[in-house]
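If you want the building blocks of each chain, they are given just below.
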Amino acid sequence: MENTKKPRIVAVDDAAFVCETLTSWLRGPYEIHTFLGGAEAVAYLNQHGADLVLLDYDMPEMTGFEVLMKIRHNTDFGKSVPVIFLTAVTNERMEEEMLERGANAYIRKPLDLAVLKKTIAKFLPN
């Protein structure tokens, strides 16, 4: 039997139900790790890295932009890891800013499983 390593996804969202939903949707094909805050996620990423990051934009302790900046400044993996913002923001300027600041994509909330899978597949092809 071949031992294949699953791609590791780190998801950061301050809403526990979003983390639970992402875990139930993505476990199986992916190794999924969820965090309710940016500081915890950054500490994990600095130690373990990830193949893809799903990142809430609006969080109280550390904004999604702050987390993204910390990820991008990690020399081991940060410049190349795909980061997808999860956002309820519908402001086109804010969406442009997410991409300008280094996000690879964004998905609007409420999350749609088909859109999520299709977006992840762009960065983690099977």
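Above this text you will find the structure in question.
First, a word on what this report is: a plain description of the structure on this page.

About the cut-offs
Residues numbered from 1 in each chain as written. Predicted model: local features only at pLDDT ≥ 70, side-chain atom pairs only at ≥ 80, totals over all residues. Heavy atoms only, no water. Salt bridge = Lys/Arg side-chain N within 4 Å of Asp/Glu carboxyl O. Helix = DSSP H or I, 4+ residues; strand = E, 2+ residues; numbered from the N terminus. Buried < 20%, exposed > 50% of the residue type's maximum accessible area, 1.4 Å probe, protein only. Pairing = 2+ DSSP bridges. Right-handed = clockwise from strand over helix to strand, strands pointing away. Axes fitted to C-alpha atoms, helices over the stretch in contact; angles between N-to-C directions. Contact = heavy atoms within 4.5 Å.

**With respect to the pattern of salt bridges**
- The tally for this structure, following the rule as stated, stands at seven salt bridges.
- In this structure, K109 and D56 form a salt bridge, with 3.2 Å as the shortest nitrogen-oxygen distance. You can see K109 sitting in the loop between β5 (105–108) and α5 (113–123) and its partner D56 sitting in strand β3 (residues 52–56), a full 53 residues away along the chain.
- Assessed through its relative accessible area of 4%, D56 is described here as buried.
- Residues participating in the shared-partner salt-bridge network are D13, D56 and K109.

**Brief notes about the pairing of strand β2 (residues 31–35)**
- Across five bridges, the pairing between strand β1 (residues 8–12) and β2 is parallel. The residue bridging A11 from the neighbouring strand is T34, located in β2.
- Running through helix α1 (residues 16–26), the crossover from β1 to the neighbouring parallel element β2 is right-handed.

**Quick notes on the sheet that holds β1**
- The strand order β2-β1-β3-β4-β5 describes an open sheet built from five strands, whose pairing is parallel. For this open sheet the edge positions go to β2 and β5, each flanked by a neighbour on one side alone. Pairwise comparison of adjacent strand axes, ignoring direction, gives a mean angle of 20° for this sheet.
- One ladder, built from four bridges, connects β3 with strand β4 (residues 83–87); its direction is parallel. Note that in β4 the partner of V53 across the bridge is V83.
- Against the sheet, helix α2 (residues 38–48) contacts β1, β2 and β3, and its axis sits at roughly 160° relative to β1.
- Packed on one face of the sheet, helix α3 (residues 64–72) meets β3 and β4 and runs near 175° to β4.

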